[in-house]
Amino acid sequence: MKALTWQGKRDVRVETVPDPRIEEPTDAIIRVTSSGLCGSDLHLYEVLTPFMTPGDILGHEPMGIVEEVGAAVPDLQVGDRVVVPFQIACGNCWMCLTGLPTQCETTQVTAEGMGAALFGYTRLYGAVPGAQAEYLRVPQAQYGPIKVPEGPADDRFVYLSDVLPTAWQAVAYAEVPKGGSVAVLGLGPIGDMACRIAQVQGAGRVFGVDLVPERLRRAKARGVETFDLRSFDDEKELVEAIRDQTDGRGPDAVIDAVGTEAHGSAAARMVQNASALLPRKISGPMAERFSVDRLAALYTAIELVRRGGTISLSGVYGGMADPMPMLTLFDKQVQMRMGQANVRRWSDEIIPYLTDEDPLGVDDFATHRVPLDEAPEAYDMFQKKRDGAVKVLMKP
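Quick look at the structure, then. Not measured: the values here are computed from a predicted model.

Cut-offs used in this document
- Residues numbered from 1 in each chain as written.
- Predicted model: local features only at pLDDT ≥ 70, side-chain atom pairs only at ≥ 80, totals over all residues.
- Heavy atoms only, no water.
- Salt bridge = Lys/Arg side-chain N within 4 Å of Asp/Glu carboxyl O.
- Helix = DSSP H or I, 4+ residues; strand = E, 2+ residues; numbered from the N terminus.
- Buried < 20%, exposed > 50% of the residue type's maximum accessible area, 1.4 Å probe, protein only.
- Core = buried A, V, L, I, M, F, W, Y, C linked by side-chain atoms within 4.5 Å.
- Contact = heavy atoms within 4.5 Å.
- Phe/Tyr/Trp six-rings, centres within 6.5 Å; stacked < 30°, edge-to-face > 60°.
- Lys NZ or Arg CZ within 6 Å of the ring centre and 35° of its normal.
- Polar contact = N/O pair within 3.5 Å; in protein donor to acceptor, adjacent residues only side chain to side chain.
- Axes fitted to C-alpha atoms, helices over the stretch in contact; angles between N-to-C directions.
- Parallel < 35°, antiparallel > 145°, perpendicular 65-115°, else oblique.
- Left-handed = near helix turned anticlockwise from the far one by under 90°.
- Pairing = 2+ DSSP bridges.

A look at the pattern of salt bridges
Here is step 1: Counted under the stated rule, the structure contains 28 salt bridges.
Here is step 2: Taking the shortest distance from any N to any O, the salt bridge between Lys 9 and Glu 46 comes out at 4.0 Å. On the criterion of sequence distance, the pair formed by Lys 9 in the loop between strand S1 (2-8) and strand S2 (11-16) and Glu 46 in helix H1 (residues 39-46) is long-range, its members being 37 residues apart.
Here is step 3: On the accessibility criterion, Glu 46 (1% relative accessible area) is buried.
Here is step 4: Residue Lys 395 is joined to Asp 154 by a salt bridge in which the shortest nitrogen-to-oxygen separation is 4.0 Å.

Details of unusual backbone geometry
Generally, phi is negative for residues other than glycine and the peptide bonds are trans, each holding for most cases.
Here is step 1: Unlike most non-glycine residues, Gln 140 shows phi in positive territory, near 55°.
Here is step 2: With respect to the element layout, Gln 140 can be found in the loop between strand S6 (135-138) and strand S7 (146-147).
Here is step 3: One non-glycine residue with positive phi stands out, namely Lys 385, at about 55°.
Here is step 4: In this fold, Lys 385 is placed in the loop between helix H12 (375-383) and strand S15 (392-395).

Observations regarding the nonpolar core
Here is step 1: With 70 residues, the main nonpolar core has Tyr 159, Leu 164, Met 193, Ile 255 and Tyr 379 as its most contacted residues.
Here is step 2: Counting residues per element, this core draws most heavily on helix H3 (residues 163-174), which supplies eight residues.
Here is step 3: Among residues more than four places away in sequence, those in contact with Ile 255 are Ala 170, Val 171, Ala 174, Val 182, Ala 183, Val 184, Leu 185, Ala 194, Ser 312 and Ser 314.
Here is step 4: In this structure, Ile 242, Val 254, Leu 298 and Ala 301 belong to the second largest nonpolar core, which totals 21 residues.

Re the packing of aromatic side chains
Here is step 1: Inspection of every chain in the model, using the stated rule, returns six aromatic pairs.
Here is step 2: Ring pairs connect the aromatic residues Phe 207, Phe 227 and Phe 232, which therefore count as one cluster.
Here is step 3: Over the aromatic face of Tyr 173 sits the side chain of Arg 337, whose NZ or CZ is 3.7 Å from the ring centroid.
Here is step 4: Over the ring of Trp 346 we find Arg 345, and its NZ or CZ is 4.0 Å from the ring centre.

Regarding the environment of Glu 357
Here is step 1: Within the secondary structure, Glu 357 sits in the loop between helix H11 (343-350) and strand S14 (368-371).
Here is step 2: Taking the relative accessible area as the measure of exposure, Glu 357 reaches 66% and is therefore exposed.
Here is step 3: Only 3.0 Å separates the side chain of Glu 357 from the side chain of Thr 355, close enough to count as a polar contact.

Remarks on the packing of helix H6 (residues 235-243) against helix H9 (residues 296-304)
Here is step 1: Two elements in contact, H6 and H9, have axes whose closest approach is 10 Å; the angle formed by their N-to-C orientations is 40°. Relative to H9, the element H6 lies oblique. Of the two possible hands of crossing, H6 and H9 adopt the one that is right-handed. Here Glu 235, Leu 238, Val 239, Ile 242 and Arg 243 of H6 lie close against H9, whose contacting residues are Tyr 299, Thr 300, Glu 303 and Leu 304.

Remarks on the sheet that holds strand S10 (residues 225-228)
Here is step 1: Pairing in this open sheet of six strands is parallel, and the strands run S10-S9-S8-S11-S12-S13 from one edge to the other. The strands lining the two open edges of the sheet, one partner per strand, are S10 and strand S13 (335-338). Across the sheet, the mean angle separating the axes of adjacent strands is 20° when strand polarity is ignored.
Here is step 2: Sheet topology places strand S8 (residues 181-185) next to strand S11 (residues 253-256); four bridges connect them, and they run parallel. Bridging from a neighbouring strand, Leu 185 pairs with Asp 256 of S11.
Here is step 3: Strands S11, strand S12 (310-313) and S13 of the sheet are contacted by H3, whose axis makes an angle of about 160° with S12.
Here is step 4: Across the sheet, helix H5 (residues 213-220) is in contact with strand S9 (205-210) and S10; its angle to S10 comes to roughly 165°.

Have a look at this one:
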């Protein structure tokens, strides 16, 4: 089959690789019909290279048709149309039953000290072959795949794999009071969708911050009060501008949908780039102990949120030696929640919104749809924010 493989920093290639096969009775094989390109895929493309191996198959946002089912998968049949969550979880362990499938005790990558295995996402998360491919082996298929009906285009459902539950959890963790205010830093796919979810769940005011014109226009068109980073000389001006809209206090909640590749963190960017150039035997151990993030967005969130408010982190961070302003966090009595989205925890709540009325705008959420053969160009376009790229879907 064809699959997109990682070969080095900013080097991904479509290659022919062996077809996946059933390896455990809880496996299924799906023929991928759509697969998303995620902002966190860009972390592999750019800054998490010490944890990658040439030939790794990328991608973790798939849906498709079931082609083969293991003997211990009672609820799936060949021909079923399914969305596959990005994490791999059993559904039966204590963590899964507590609503934390990202911490699944069956698939935890204990050798790396990490949580549940993820599709297409570094050796830290099990080096499981990913979904930007023609076919995908799905472990723990007795729990993971979400059946969806025939009829609507893939766009209606594919975001259940990651974008929708990640944004849903971001808003849930933000605990925005009814009629309250929330600021979303970063209007990429997750930030954009988080704005939409906050609106349908009753937030009174939703502020969106970015510096990409197309993303700002897209959010503004849906009623988000947007702030263009390029219009401010520094973070303090931005913070004051939003505080002026919230009686001088700041928003009740801030969602950081940017993560480790924030703009405005030049020193951390230099360290990240340097580590990516080291030999893999050196860069991997160094990154595990001394990696740093670009924390500009998180520092802004801490400064911006009102006293007693909540910060919700959905942007991916991977640093192990990051300085945190603990005095400010403590003094402001800030609550903070974070983590990978627990897809099956939220999927049943989200599905009622995936109707013909399309309140979340999923049907036209993608800005680009490309064949798998054009995936390398799509990565370059998305990483450089060219051509108005906000969300890219690949069609194997």
